[in-house]
Structures are given as C-alpha cells and as structure tokens.
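Listed below are the residues making up each chain.
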Amino acid sequence: MKNSSAPITKYRKDYQPSNFLISETHLTFILNEQETLVKSRLLLRRNPKADLEAKSIQFDGENLTLQSILWNGEALSADEYKVTDEGLELTKVADEFELVTVCKILPQDNSSLEGLYKSGDKFCTQCEAEGFRKITYYLDRPDVLSRFYVRIEADKSRYPLLLSNGNPVASGDMDDNRHFVEWQDPFLKPCYLFALVAGDLDLLEDQFITKSGRTVKLQLYVDKGKLDQSDFAMQSLINAMKWDEQRFNLEYDLDLYMIVAVSDFNMGAMENKGLNIFNTKYVLANPQTATDQDFEGIESVIGHEYFHNWTGNRVTCRDWFQLSLKEGLTVFRDQVFTEDMRSKAVKRIDDVKVIRSHQFAEDAGPLAHPIRPDEYIEMNNFYTVTVYNKGAEIIRMIHTLLGEQAFQRGMALYFERHDGQAVTCDDFVSAMADASDIDLSQFKHWYSQAGTPQVSINYQYHKDEGRMTLIVKQSNQHPSSKQPFLIPLKLGLVGRSGKPQSFSLEKQDNKVTETLIHITDSSQVIELYKVDESSVPSLFRDFSAPVKFDVNYTHDDLAFLFAYDENTFTRWDAGQQLMEQCIVSGNDALMSNIAEAFKQILNDSTLDNAFKARALVIPDLKTLFESHSSKGVDFLIERRRSLKDFLAKSLEQDWLKQYQSLHQLSDKSLDQDSIARRSIKNLALSYLVCASDEHAELLKQQFSQAQLMTEEISALSIAAHEQVRPAQSMLDDFYKKWHQEPLVMDKWLSVQSTIDSDNVFEVIERLKQDPVFSLKNPNKVRSLYSAFAGLNFAQFHRKDGKGYRLIADTVFELDSINAQIAANLSKQFSGAAKLDKQRQKQVAAELKKIKNKPNLSKDVFEVVSKTLE
Ligand code: LYS
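Residues numbered from 1 in each chain as written. Predicted model: local features only at pLDDT ≥ 70, side-chain atom pairs only at ≥ 80, totals over all residues. Heavy atoms only, no water.

(A) Quick peek at the overall build of the protein. Across its full length, the protein carries 26 helices and 32 strands. Computed over C-alpha atoms, the radius of gyration of the protein comes to 28 Å, within 12% of the 29 Å expected from 2.2 N^0.38 for 869 residues, which places it in the range of a compact globule. Seen through its C-alpha atoms, the protein measures out along the principal axes to roughly 90 × 65 × 60 Å. When contacts within the protein are restricted to residue pairs at least 6 apart in sequence, long-range pairs at least 24 apart make up 71% of them. Accessible area for the protein stands at about 33,500 Å²; split by element, carbon and sulfur atoms hold 47% of it. The centroid of the 102 positive side-chain charges in the protein is displaced by 2 Å from the centroid of its 126 negative side-chain charges. (Helix = DSSP H or I, 4+ residues; strand = E, 2+ residues; numbered from the N terminus. Rg over C-alpha atoms; globule rule 2.2 N^0.38 Å. Contact = heavy atoms within 4.5 Å. Areas by Shrake-Rupley, 256 points an atom, 1.4 Å probe, with all protein chains shown as cover. Lys, Arg positive; Asp, Glu negative; His and termini not counted. Charge placed at Lys NZ, Arg CZ, Asp CG, Glu CD.)

Right under this line is the structure:
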C-alpha cells in the first residue's frame, strides 16, 4: 500500500452512475513464470443515464505496469492520460471509442491473493470486491456490466488447462510449446465475476439435466491425486441444482459449470460466472479426512455459490454498499437448502449460535454497521457476519412475514424486474412488498440501523379472566437505531401438562396454538385469551427475529420449557438460558436442576440425538461474555468450568451409558442418524474425560481404531483439551499419519492452539516453524491464530497480556503479506471495550503499535483505528 495520504472513506450517499460503460471487454493473458502480460481492448461508450458532458474517465488500477496504450488505434500524447497509484486517468474521450492497453503484472509475487496470483503451480484469480484492478485498468465497479471475450496463452506442459468464464470457443497450439484457449461468456457481467485458472489438474466430470431438458456439463477440478476426495462436492452441486429448481423455480443458464479447488484462498469460495473458485476446505472430503461437520460445510458452500448464479450474478449489486442484497439473500437460500437436505430444527439452532456468539458481538462493538453499510475504507472488511448472517436473518424475517408462497412470488417479481441489472436492497424489498399485501416500509429500518434490538417481555396471568398479558418493549443502544423496528414475534404456549396450549387473540376468536405478532412500537401490549393457568409462553419460536430478548421467566419456567416446549429452538434456548443464569448468578443450587434436566433429556429415547447433542452443550465463553461482560472474563471462565465439572461428575454414569450404547466404530454412514449418534456420543466422551482421567483409555481406543475423521479428531481434541496423559503421543501419531494432507493438518494446528494451558505459546511458536505451516496460506493462519484468539478464550485474554501480544505481532507481520487476512485477524480485538480496564490498556497498547507500522495497509488501518476510537 502506498500510504502517502490518509486512506479515503467512501460513502453510500455519494453514489453516482458511471459516466462511461464498457460494451465489450477483450482480454488476452500471456502467462509466464517471470511476468504476465495482460492486453485489454475495451469498447467504451457514454452512459445515457449519467453526465453526458464528462471530459475524462478514471480507470481503476493497482500494482500495474503500463506497457502501452492506444486510443482508437492511435498513440496518446502525454497530456491525454495520467498514471497514478490508484489508476489511469484518461482526458481524451468520445461518445464511443476503443482503448487498448498492455499491462505487466507479477502474479507469482502476489501474496494478497487478490487479482491474478499463483496457488501452488497454478494461476488463479479472485476479483471480488475490488481485485480486478490488480489485473488491468478498468471501471472496477459492480454496476458496469460488459460482455467478456478472453484469450489465455501459456506453456502447454505446465498449464494444459486454461479456463475462464462461459464457453470455450477456440483453442490451438503455438510456437515454443505454448498453446491458447479462447472463452466467451454470453452473459453480461461486472468484472468482479471474472475468473481465470491455468494449471494441470485432475478432473471429475458429471452432468445435470435441467427441468427444461438441457444438459449441463459439470466439471470439478482438483489437485492431482485428490479425486478420491471429490465425489461429495459433485453430489452436493447436483443436489443444489435440483433443489433450486424445485424450491425457487430457478434453472441454470450455461451449458458448462466448472469448480476449481485451490489451497491458497482468502475466503470460502467465489461465484465467478460458470467458473467458481473454491478454497479446498469446501471441496475436498472423504470420510477418512473430513468430519461430519466438514461435509455439511461443503454442501452449504457449494450450494451458496451455485445459488449466487441467480442471486448475485443474474441480478447483481449496484454498488458494494448493497452487498447484503446478494450475500444475505444467498446465505438465506443456502440455510434453507441445508434445512431441507438435513434437519430444519437443528440447522436453525446452529445458525442462531453464529448470530449470538459472533454477530451480536460485532453489532455491539466499534465495527458495528447496518447490513447495508453507509461507509467503508476497504470493502473487503465488510464481508462480515452482519452483512452475511444478519442479512440472512432479515431475509428470513421477510419470509416469515410473507409466508413461503408470497415470498416466492416476490422472488419471481424481483427477477422479472431486474434480470440482467445491478440493483439495490430497496429494489428487493419493493418486489417483496409489491408481491404481497404486507407493508414493509417500517421493516426497512433493518437495512439502515445497526445494533441488536433488545426486547424485554413481561408476562402476567389474570386468573379470573383466563387471560395472559404480554408487555413487550424494544430498545436499541446503537446511535443509528432511532426508529423502532418491525419485529416478527412467533409465539405459542406450553400448557401445564407439557402439551401445547391453545389460546385466542380476541375474546371471540377461534383458538390457535401458535401465532405471529408484528411488534412495531417501542412498547406494546399483547393479550391472549382462553388461557389455562400455569401455561408458559414460548417466545421467538424459531428465533423469529435477530434480537436479544429477556422474559420474566422463573427458573422453573425455563426448566419447564426445556423439558416440554414443542418448538425445538425455544426448547434448546430455555436450556441455554438456564445454564447462563446458573453461570452468571453464581447460584450453585441451580446446577443440580440443570443436571436433573440433562439426565432426563439424555435418557429420553424418543428425542433426536442431534437435538440432544446441542441441548447438552454449555454456552460458549464468547456468547456468555457478549451478554455478561460486566461479570468479568475470569469469573465467567471459572464459573463455566465448575458447571462443566459438575455436569461431568454428577452424570458420569449416564455419560458412560450413553457412550457405550452408541459407540459403533463400524458405522461409517454419513446419514443424519449416524451423524447425530456420533455427535452426542462424542459429547458424552468429552464429559466423561472431564469427569475423570480414568476414561482416557476409551479415548485412546477410539482414536486408534477410528476409521472416520469425526471419530479420530473428536478423540484427539478431547485428549488435548482435557490435557490427559496420552495427548502428546496421540498428537504425534496423528501428525505422522496425516502430515501430507494440508486440510487435516489445519485441524491438528487448531486443536493445539486452542488448548487452555500456559505453554500454548511455546506450542504455537513451535507450530509456526513446522513445515506444514505457512503465514502465506490463509487456512493455516486461521487454524493457528484465529482459532487461538477466537476459541482459546482463557489464554487469549490472559491477565499478563501475552495472548494479545501474540495476535498483535502476527497482525503486524501478516500486514505486508496479506492485508485482508491481517485485517480479519485484527478484528479479534474488537470486543476490547467490554474488557476490564487493565486488559483494555493492554489491547490499546498493542493496537497502537500496529497503527504506527510504516506502510500499514488500509485494511488493517480501518479496523485498528475504529477499534481504538
Ligand atoms: N462472494 C463470495 C461469497 O460467496 C465472497 C467474496 C469475498 C470477497 N472479499 O461469499
């Protein structure tokens, strides 16, 4: 980064359409080991909807060396263009003209993993959000849609495969053992969806016949030798294509769909038109190398990128402030895909956990932003859990308010109006409102206001009238949140017998067992009639809104809901609240009640094992700290530990019984039942080993006999985290067995960096030197450092500040290698304001050191300076 001037902030309110558009984009890539030449021929024209008098154009460009430039085939004089750090300014324009440039770039030195770079022996690209400008001079903004023609030339032996978007239209041999392939993409697209891959890869091929009978060729490219880890990803793609036709009536539009897996990748994956590029983590898997959770992750990310073809590619964003238009919507779609493929109830719990542990924290800290941000310095910093996951919750609320049918009508209207366009979040909401009779004007505050609404509910029963009153109040601490939100509140009642209790909303009405209330005011009263005594309200069923809620429940109410609520989410949540109260109140008597409830659930053979495996988990420290930071880090760690010990010891026999009855290493099936069985069984194992070292023998056995990664890594991580004697030799054995599988080594790294032990710092230092580790590889950084800061709560927040120093030093070192990953890691400090004074001071000192780094990237600058404010 050239840091001559302070980084510039961009504002949503400043949006202006581009004065020029690019009708055609012709690119020729001459790929070489030393340098790559990018020849670009752009056909430009004035935008009839913008300033028709514009006298210049600003093309974006970064780290490019301009070799030549021609305007309608002629040379330009020195005063007709200017090359700057940010791009190329052209002061000679016409209504229509052609611009040809040749730029030199150095992909082999590009460690930012943005633009064109090398991962292993192959060339690949990542352009979203603003990476295309590292390839050539361009109008690098999502509202400039162009037709792309691409020619790639490279050495034939090293790069037999030359891929880009759309369809291959020509190929042939050249001199010096070189060859070329030409590609054309029939769809207009913004440059962030451009992709190129060149390399020597293995191919898995299949096909999909669309509902209108077209055959689509499916190609999955992986590193040589990895075909035995590719089947699941292919099957997931086929399932996603089928599902999108069935549920959303959306069909694929090209004849070819390619996915390439690369090991150096900043995020999960990228939806480039017809040529997705994926992090290997979300492609490669077989039962020996990948866990049940990995498989689910792959299915969901493959789905996510595929679903982008409509929600993102066919209809894209007008500007990057609208990112949630495509990401929130597509996360919603991938969540629902997983719900339909697996268990709806359990998926919902897993998604809520992400919101509560990560998104609520982001919304409460210095990096809080609305799902449609108003400003940014570096767009890559806004690929956040707010834009993605809270964004998906906003779409889900629309779905809840409209119902499936009207929601699907809204989707159809959205495509009818906007196919082929770059649009805004408002356009989406309008389509939804117009396709239904729901007024969404107040609902739109969810797009412009940040912070988590706090909803407090007071319920009272009026015995003589059989009436229940709920007084609902909403508030929001964030300064941008001045207006009350429209909050859908899904509720039901659990009757005395534990069965659903019906009620009516007006005195005369028919009775219902569940209803959806629209909360619109800061204070609102809800009356329920014909209610039996001792019914307990079950509120925010399915987590019907991304809010924090507190209800005047007694401990008995919570225990009752935990035992009987028919809604899986609220049932699970009641257990979580009970444990939370036990931890923060310091009330030890509650521990026995929880143990009692655990015992019942554990031994209830009618209950789904997947639910059990979630219900019997104590809330994690991040989630606890998010809501109860005033209790202090040390108190929460201590209390959580004693609750775990108590539950482990007092139920030791039950855990053992559970473990023994479900432990079947011969079951290698990946179906839902088997996955669920493994998850509750391994949870039982972790409690068992926590109860007593005696059970370490079970661990060792499971570890050495395991044929599935889920079984192997569960045993290993329990051994490491409970710090039982055989842990070290198990870690060594695991390394010997798997050191040639990078994705498995990621697990090995994070198991060790998350051990709550004083010597974790020496361990991390040693792992950093291990040949399997590299600071240049984002997966490795995440496994070692993000896992430490994000999951090793006790050591990261050590009183002596060692944890903060480790992460700050790493951010410092990473900044010049990969600013995006460094910025991401620096977000681990964003909860600092909630810490005690001493810790706050330590964090501030570390952040200042980072801020003073010469040539600090704007990515890290933005995060660190906001955190220090
Ligand atoms: N659009 C990608 C996705 O599917 C992520 C791109 C991230 C760019 N910094 O989530």
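(B) View of unusual backbone geometry. In the segment running from Glu128 into Ala129, the intervening peptide bond is cis, with an omega of 0°. Secondary-structure assignment places Ala129 in the loop between strand E11 (122-126) and strand E12 (146-155). With phi around 45°, Asn72 is a residue other than glycine that occupies positive phi space. Within the secondary structure layout, Asn72 lies in the loop between strand E5 (65-71) and strand E6 (74-75). Although it is not a glycine, Ser534 sits at a positive phi angle of roughly 60°.

(C) Structural context of the site of the ligand. The ligand sits among 14 residues. The nearest are Glu128, Glu271, Glu305, Glu327 and Tyr388. Within the side chain of Lys326, a nitrogen or oxygen atom sits 3.4 Å from a nitrogen atom of the ligand. Here Glu327 contributes a side-chain N or O atom positioned 2.8 Å from a nitrogen atom of the ligand. In the complex, 96% of the free accessible area of the ligand, which totals 310 Å², lies under the protein chains. Those elements that provide at least two residues to the shell around the ligand are strand E20 (269-270), helix H2 (292-307) and helix H3 (323-341). Looking at side-chain class alone, the shell around the ligand contains five nonpolar, four polar and five charged residues. (Near = heavy atom within 4 Å. Polar contact = N/O pair within 3.5 Å; in protein donor to acceptor, adjacent residues only side chain to side chain. Nonpolar A, V, L, I, M, F, W, Y, C, P; charged D, E, K, R; others polar.)

(D) Examining the sheet that holds E12 more closely. Spatially, eight strands are ordered E6-E5-E9-E3-E2-E12-E15-E14 in an open sheet, and the strand pairing comes out mixed. Two strands lie at the open edges of the sheet, namely E6 and strand E14 (167-173), each paired on one side alone. As paired elements, strand E2 (residues 20-30) and strand E3 (residues 36-46) share 10 bridges and run antiparallel to each other. If you follow His26 over to E3, its bridge partner there is Arg41. (Pairing = 2+ DSSP bridges.)

(E) Quick look at the pattern of salt bridges. Counted by the stated rule, this structure contains 75 salt bridges. Where Lys224 meets Asp200, a salt bridge forms, and the shortest distance between an N and an O atom there is 3.5 Å. Of the two residues, Lys224 sits in the loop between strand E18 (215-222) and helix H1 (231-248) while Asp200 sits in the loop between strand E16 (196-199) and strand E17 (202-209), which places them 24 residues apart along the sequence. Taking the relative accessible area as the measure of exposure, Asp200 reaches 39% and is therefore partly exposed. The partner of Glu626 in a salt bridge is Lys548, and the shortest N-O contact between them spans 3.1 Å. In this pair, Glu626 is assigned in helix H12 (residues 621-628) and Lys548 in strand E32 (residues 548-551), connecting sequence segments 78 residues apart. Ionic contacts of the salt-bridge type, sharing partners, join the residues Lys10, Asp60, Glu130, Arg133 and Asp140 into one network. (Salt bridge = Lys/Arg side-chain N within 4 Å of Asp/Glu carboxyl O. Buried < 20%, exposed > 50% of the residue type's maximum accessible area, 1.4 Å probe, protein only.)

(F) Seen up close, the environment of Ala696. Mapping Ala696 onto the fold places it in helix H16 (residues 696-705). What makes Ala696 buried here is its relative accessible area of 10%. In this structure the C-alpha to C-alpha distance between Ala696 and Val429, which are 267 residues apart in sequence, comes to 55 Å. Setting aside chain neighbours within four positions, we find Ala696 in contact with Val724 and Pro726.

(G) Highlighting H1. With 18 residues, H1 should reach 26 Å at 1.5 Å per residue; the first-to-last C-alpha distance of 25 Å fits that figure. H1 sits mainly inside the fold: 13 of its 18 residues count as buried. Note on H1: the residue one or two positions beyond its end, Asn249, has a positive phi of about 60°. (Expected span 1.5 Å × (residues − 1).)

(H) Seen up close, the sheet that holds E20. A sheet is described by the order of its strands in space; here five strands give the open sequence E17-E18-E19-E21-E20, paired in mixed fashion. Each edge of the open sheet carries a strand with a single partner, namely E17 and E20. Bridge count for E18 against strand E19 (residues 256-262) is five bridges, and the pairing is parallel. Of the residues in E19, the one forming a bridge with Gln219 is Met258. Sheet strands touched by H1: E17, E18 and E19. Its angle to E17, the strand with the most contacts, is close to 20°. (Axes fitted to C-alpha atoms, helices over the stretch in contact; angles between N-to-C directions.)

(I) Spatial organisation of the environment of Leu237. Take Leu237: it is sitting in helix H1. With 166 residues separating them along the chain, Leu237 and Trp71 place their C-alpha atoms 44 Å apart. Apart from residues lying up to four places away in sequence, Leu237 is in contact with Leu218, Tyr257, Ile259, Ile302 and Tyr306.

(J) Region of interest: the packing of helix H23 (residues 802-815) against helix H24 (residues 819-826). Two elements in contact, H23 and H24, have axes separated by 8 Å at closest approach and are oriented at 165°. Accordingly, the angle class assigned to the pair H23 and H24 is roughly antiparallel. Handedness of the crossing formed by H23 with H24: left-handed. Across the interface between the two elements, Ile807, Thr810, Val811, Leu814 and Asp815 of H23 pack against Ala819, Ile821, Ala822, Leu825 and Ser826 of H24. (Parallel < 35°, antiparallel > 145°, perpendicular 65-115°, else oblique. Left-handed = near helix turned anticlockwise from the far one by under 90°.)

(K) View of helix H14 (residues 652-662). Among all positions of H14, only Glu652, Asp654, Trp655, Leu656, Gln658, Tyr659 and Leu662 are buried. Next to the buried residues of H14 lie helix H10 (589-603), helix H11 (609-615), helix H13 (633-650), helix H15 (672-691) and H16.

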